[in-house]
Every structure is written in structure tokens, then in C-alpha cells.
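# Architecture and fold: a report
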Amino acid sequence: MSAEQAAALIQHGDHVGMSGFTSSGYPKAVPPALARRIEAANQHGNVFRIGVWTGASTAPELDGALAKVGGIELRLPYQSDPTCRTRINAGEMEYIDIHLSHVSQFVWFGFLGKLNVALVEVAGVLEDGRLIAASSLGNNKTWLDLADKVILEVNSAHALGLEGMHDIYYGTALPPNRRPIPVLHPSTRIGDAYLHVDPAKVVAIVETNIPDRNPKFTPPDAASERIAEHILDFLEHEITRGRLPRELLPIQSGVGNTANAVLSGLDKGKYKGLTAYTEVLQDGMLEMLKSGTLAFASSTALSLSDEGMREFLDNIDYYRERILLRPQEISNHPEVIRRLGVISMNGMIEADMYGNVNSTHLMGTRIMNGIGGSGDFARNAYLSIFMTASTAKNGAISCIVPMASHVDHTEHDVQVVVTEQGLADLRGLAPRQRSKVIIERCAHPSYRAALQDYEDRAQALARSGRAGLHTPHLLREALSWHERYEETGHMLPQ
Ligand code: 0RQ
């Protein structure tokens with residue numbers, strides 16, 4: 001049926017589980033049609049709002065279109081859309097920021113209420129009703145299993161060569177009946193190549209021919225290049241010390257230019273036969289697969305630029321041997337990440353001098369994107385690395401602060417902090433030792449003295465007996481840098 005007819009099957013108040021993970025594999029026709037329907041309802045004075053659950057971020061046709069007409073009551077588990085962000089921060093839309101690996105079990109347990117509709121894009125449908133998944137898997141298996149009604153968008157713009165590249169595990173169960181998840185290597189197949197759906201639940205099939213909106217690839221800036229160099233030096237050092245094998249351990253790398261710079265640095269180095277156990281596969285990883293630096297990559301989504309997608313499609317048979325796409329409950333599963341000993345590398349907004357990391361909130365209150373998979377990986381990785389430029393907004397913000405204004409990754413889950421200034425290896429260091437190396441190695445020179453002064457006075461206060469010396473702070477001043485930025489546009493007195 002048409003997208004309009006399918007959109008008419010979604011009602012005000014419905015919870016809709018949609019496909020989509022970083023602008024790949026999201027439904028492209030029904031969400032805009034639904035947005036038009038919502039707009040029309042609004043014009044007649046009727047409220048029409050739904051819950052939008054996805055794999056992760058999507059694209060303007062989904063998040064943007066629905067947020068623009070005020071059609072989203074609640075969004076989860078991750079978004080990066082400017083209109084959504086504005087609405088959330090204006091209090092016009094609720095947002096629950098959830099670890100990506102938690103979503104499917106939350107839905108299975110019913111913590112989020114009933115899933116009314118699954119709206120899932122696929123690449124094709126076999127005659128027996130099995131589904132060829134698209135360029136991402138996200139939570140699609142869970143949506144198809146649990147929704148009352150299913151709407152499929154069958155997008156012929158996806159290459160049918162994707163068939164066979166998915167590994168969909170149907171062995172998950174709820175406690176106390178859970179069994180070990182038998183992934184022993186990023187390439188281990190444990191599931192089915194197809195998604196299953198009860199045909200009786202399929203209320204609509206909409207055909208489309210619209211490519212994914214692929215993110216632009218911009219070359220890394222100087223800070224990203226420096227961060228990449230520090231990480232590469234560190235990995236070499238770990239190999240020399242016998243703490244990492246020459247082919248490293250499976251790598252996970254977040255989205256963005258810094259991640260791509262690290263990957264391209266690895267590609268230029270002397271590495272061969274590396275593996276990846278990750279959630280997004282960006283251009284950097286595709287290039288590594290092409291050159292042989294990377295032997296195999298497991299992910300839940302392809303997140304390629306137009307150029308990367310062309311390369312992928314031109315050589316899809318080559319890549320099918322080297323890539324597996326898994327549901328995000330498996331790509332981000334703590335058990336598997338811990339077993340494989342993943343090296344996790346993610347961006348952050350700020351870190352404090354003790355190593356607590358904020359990945360989500362600007363000045364402690366405004367959501368940027370969300371925690372995504374960074375917590376799934378950081379907490380369970382063999383090595384958890386967080387990176388950022390040392391300053392933001394032309395130096396008006398220090399990304400190394402006395403106290404993080406919001407904490408996503410506690411000091412217990414953060415092993416390495418890197419900026420273009422240098423790298424702080426926090427493993428085995430107590431809090432006061434950590435603050436010393438973070439200030440010395442990671443802070444920008446224009447903020448180092450102020451951080452040092454804060455640290456000195458916090459320790460002096462503690463030595464006077466009026467505070468603890470384990471993690472010294474000046475409580476009244478701890479967030480004053482953020483407050484000052486909000487008031488004056490700069491973190492330091494000018
Ligand atoms: O804002 O664009 O308005 O100038 O934040 O900053 O430096 O471009 O960083 O694109 O690598 O994103 C943490 C957001 C970093 C990302 C975050 C401002 C800065 C700029 C973006 P402007 P950059 P990146 C895999 C794993 C959580 C999820 C995750 C993220 C904008 O990495 O969302 O890791 N991570 N998932 O100016 C105020 C600061 C700031 C600041 C930067 N300290 N204070 N603003 N900015 N630092 C993927 C998935 O899970 C799907």
C-alpha cells in the first residue's frame with residue numbers, strides 16, 4: 001500500500017519501534033507521511049503524538065520530520081537530530097537516554113509499556129516470508145517479535161547482495177533461562193541470516209527506492225590527527241610491554257572524525273589481520289578491510305559516506321566475506337565485549353581531573369546526542385579510551401574541568417583520556433595521581449594553571465581537615481567554570 005495508507009494505521013499514543021541506526025536502514029516513506037498526517041491533525045486542533053523507539057540515531061526524514069511537527073511524545077534510546085535536540089532541551093519532548101544494549105531487554109520485560117507497531121525497513125522479502133535485513137539491524141528483531149502490528153518498508157535501493165551479511169541471534173531468553181552467547185571471535189556466526197516475522201502481524205508493505213542518507217566524510221582536523229597519533233603510540237607501547245598482541249584485540253570505534261583519524265592511522269601503520277567488534281562501521285574501517293589491515297568486522301550498522309557506500313557496493317562480494325551485521329543486543333552485549341577483550345575508543349564532551357566522563361550533556365543540562373553504545377563498551381572493554389580536543393568553542397570551553405557537569409562514564413570505567421595535548425593512562429592510579437596526569441598531559445596550556453590552582457587549593461582545604469584527601473574538591477567552586485561560561489561566554493575570568 002502507499003506510505004499514506006500505512007501511516008493511517010498508526011494512532012495517537014502508539015509506541016512505534018522503528019528501524020534505523022546512524023542514518024542507515026531507517027524507514028524513509030512512512031515517517032514523512034505520518035508527519036503530514038500529524039500536521040493535519042494539529043491543524044484541526046487534535047493532539048497526535050507517538051513514542052519513537054529506534055536502534056540509534058536516524059535521519060531528517062524520520063527524527064527531523066516527526067520532531068518538526070511536534071509528533072514525538074517520547075524518544076529513545078539515542079538521537080542526534082538538531083530539531084529533536086532543540087525540542088528535548090525546550091522541554092517539548094521527553095527523551096530517555098538508554099544504553100543501546102539495554103533496549104531490547106527493557107522492551108521484553110515491559111518496562112517501556114506495550115510496543116504497538118513495528119515500522120521496519122528491509123532489503124527484501126523471500127517467498128517463504130523471511131526478511132532480508134537492510135544496512136543496519138539495530139533492534140529490528142525485537143520490534144518484529146514484540147509489536148502487535150508490523151509495517152514493512154521494502155527498499156529496493158538496498159543491494160540484494162546484503163543477503164547473507166546478517167547474523168541474527170534467536171537464542172536470547174529472559175532470566176533465569178539465559179544461556180551463554182557463543183560469540184568467541186568477531187567472525188563467529190551464531191544466528192540466522194534472515195529476520196523472521198509472523199505474517200499474520202504484517203498489516204502493510206510499502207515499497208520504496210530511496211538510498212540511505214549517508215553522512216558526509218570530512219577529512220580529520222589537526223586535533224584529531226594528534227589524538228590519533230597519541231593513541232597509536234600508546235597501542236605500540238602496550239604491544240612492546242606485552243600487554244597487547246601485535247594484531248591487537250578487537251577494536252570498537254565510535255562515530256566522528258577523530259574515530260576515522262585513528263582508524264586511518266592504524267591503516268597506515270604496520271598492522272595486519274586486526275579485527276573489529278563494534279556497532280558502527282565507518283569509512284575508516286571499510287578502508288582497513290580493503291587494505292587487509294582489518295581481517296574481519298562485526299557491527300550492527302554500516303555508516304558509510306556516499307563514497308564509502310559506492311566502494312562497498314562495487315565490491316560487495318569481497319565485503320560479505322569480511323563483515324557481519326548483528327542485532328545491537330549482541331553487537332553491544334557486555335558478555336561478548338568482556339570475553340573478546342575489546343579496545344573501545346569513543347568521543348566525549350568533557351572529562352574531569354579525576355577521569356569522570358561526560359558524553360552527553362553540554363554544560364550539564366542540555367542533551368547533545370546520548371550515551372549510545374559508549375557505556376556498553378567502556379564498562380566492559382579490555383581498554384576503554386575517551387578522546388576529545390582539549391578545548392571547544394575557540395578556546396572558551398575547557399574539555400578538562402574540575403568536576404564533570406554530568407557523568408556518563410565514571411572514573412571506574414575510564415582507563416585512558418586523550419586530547420591533542422597528550423594521553424593520560426589512568427590504569428592503576430588513585431584519584432590524586434589521576435588528576436596530576438590528566439592536568440599535565442591532557443589540559444590545554446591556557447587552562448592548566450587554573451586547574452593546577454584548583455587542585456592545590458582543594459588539597460590544602462582537605463589537609464586543613466575540612467574535606468577529604470581521597471578525591472579533593474572545592475564544592476562551591478567545582479562547577480563554577482560551567483556557570484561562568486553560561487554567564488560570560490568563557491570558562492575563565494577574562
Ligand atoms: O559543537 O558543532 O556546535 O561546534 O559539541 O563536538 O568536537 O565535533 O565532537 O562530533 O566527536 O562528538 C561526545 C558529542 C562528540 C559524540 C560527542 C561541542 C562542539 C561541537 C561536537 P558545534 P565535536 P564529536 C558510538 C558510540 C556519545 C555516544 C557515543 C557522542 C559539538 O562522540 O555523541 O560515544 N558521544 N557513541 O563545539 C560544550 C564541551 C564541548 C562542547 C565539544 N566540553 N562543552 N560543547 N562541544 N565539547 C555511536 C553510537 O552509539 C550510535
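The name an unreviewed UniProt entry gives the protein is Acetyl-CoA hydrolase/transferase family protein, with Ramlibacter alkalitolerans as the organism. UniProt annotates the protein under Sequence similarities (unreviewed entry) with the comment "Belongs to the acetyl-CoA hydrolase/transferase family."

Glancing now at the side chain of His361. Its location among the elements puts His361 in strand β18 (residues 361–362). Within the structure, the side chain of His361 is placed 3.4 Å from the side chain of His406, a separation counted as a polar contact. Apart from the residues lying within four places of it in its own chain, the contact partners of His361 are Ile349, Arg366, Ile367, Ser405 and His406.

Moving on, we get to the UniProt feature "domain: Acetyl-CoA hydrolase/transferase C-terminal" (unreviewed entry) in the protein. Residues annotated in UniProt with the feature "domain: Acetyl-CoA hydrolase/transferase C-terminal" (unreviewed entry) correspond here to residues 308–454. Between the first and last C-alpha atoms of residues 308–454 the distance is 46 Å; the span itself is 35% helix and 24% strand.

What follows is about the pattern of salt bridges. The final tally for this structure, using the stated rule, is 26 salt bridges. Between Arg36 and Glu4 there is a salt bridge, with the nearest N and O atoms lying 2.5 Å from each other. In this pair, Arg36 is assigned in helix α2 (residues 30–43) and Glu4 in helix α1 (residues 3–7), connecting sequence segments 32 residues apart. Exposure remark for Glu4: the relative accessible area of 42% places this residue in the partly exposed category. In this structure, Arg339 and Glu335 form a salt bridge, with 2.8 Å as the shortest nitrogen-oxygen distance. Taken together, the residues span about one helical turn, with Arg339 and Glu335 both in helix α13 (residues 334–340) at a distance of 4 residues. It is possible to trace a salt-bridge network through shared partners that takes in Glu238, Arg243, Asp425 and Arg427.

Moving on, we come to helix α15 (residues 431–442). End to end, α15 covers 16 Å across 12 residues, agreeing with the expected 16 Å (1.5 Å per residue, within 8%). Among all positions of α15, only Pro431, Arg434, Ser435, Val437, Ile438, Ile439 and Cys442 are buried. Turning to α15, the residues buried within the fold contact β16 (350–352), β23 (400–401), β24 (416–419), β25 (422–425) and α16 (445–463).

Attention shifts here to the packing of α2 against helix α3 (residues 60–68). The description of two helices packed together rests on the angle between their axes and the distance between the axes. Packing of α2 against α3 leaves a shortest axis separation of 8 Å and a crossing angle of 10 degrees. Between α2 and α3, the crossing angle belongs to the class labelled roughly parallel. Between α2 and α3, the contacting residues are Pro31, Pro32, Leu34, Ala35 and Ile38 on the first element and Glu61, Leu62, Ala65 and Leu66 on the second. Considering only residue class, the contact of α2 with α3 consists of 8 nonpolar, no polar and 1 charged.

It is worth spelling out the environment of Asp453 at this point. Within the fold, Asp453 resides in helix α16. Judged by relative accessible area, which is 35%, Asp453 ranks as partly exposed. Each C-alpha atom of the pair Asp453 and Leu383 lies 31 Å from the other, and the pair is 70 residues apart in sequence.

With that settled, the discussion passes to helix α17 (residues 480–488). Within the span of α17, buried status applies to Ser480, Trp481, His482 and Tyr485. Packed against the buried residues of α17 are β16, β22 (397–398), β23 and α16. Positioned one or two residues after α17, Gly489 has a phi angle of 85 degrees, which is positive.

So, how was this worked out
Counting restarts for each chain, with residues numbered from 1 along the sequence as it is written. Note on the predicted model: pLDDT of at least 70 is required for a residue's local features to be given, and 80 or more for side-chain atom pairs to be given and counted; whole-chain, interface and lining totals, by contrast, use all residues. Only hydrogens and water are set aside; all other atoms, that is, all heavy atoms of the structure, feed into the side-chain values. UniProt positions are given in the numbering used here, feature names are shortened, and annotations may be inferred rather than shown by experiment. Each helix corresponds to a stretch of at least 4 residues labelled H or I by DSSP, and each strand to a stretch of at least 2 residues labelled E; elements are numbered beginning at the N terminus. For the purposes of these results, a polar contact is taken to be a pair of N or O atoms within 3.5 Å, where, inside protein, one atom must be able to donate a hydrogen and its partner to accept one; residues adjacent in sequence count only when each atom of the pair is a side-chain atom. Two residues qualify as a contact provided that any one of their heavy atoms is within 4.5 Å of a heavy atom in the partner residue. One side-chain nitrogen of Lys or Arg within 4 Å of one carboxyl oxygen of Asp or Glu is enough to make a salt bridge. Under the scheme applied here, a residue whose accessible area is under 20% of the maximum for its type counts as buried, over 50% as exposed, and between as partly exposed, the area being computed with a 1.4 Å probe on protein chains only. A helix is expected to span 1.5 Å multiplied by its residue count minus one. Helix axes use the C-alpha atoms of the stretch in contact, all axes being lines fitted to C-alpha atoms, and the angles between their N-to-C directions lie in the range 0 to 180 degrees. To sort the angles, those under 35 degrees are grouped as roughly parallel, those over 145 as roughly antiparallel, those from 65 to 115 as roughly perpendicular, and the leftovers as oblique. As a working rule, the residues Ala, Val, Leu, Ile, Met, Phe, Trp, Tyr, Cys and Pro are called nonpolar, Asp, Glu, Lys and Arg charged, and the rest polar, with Gly in that last group.

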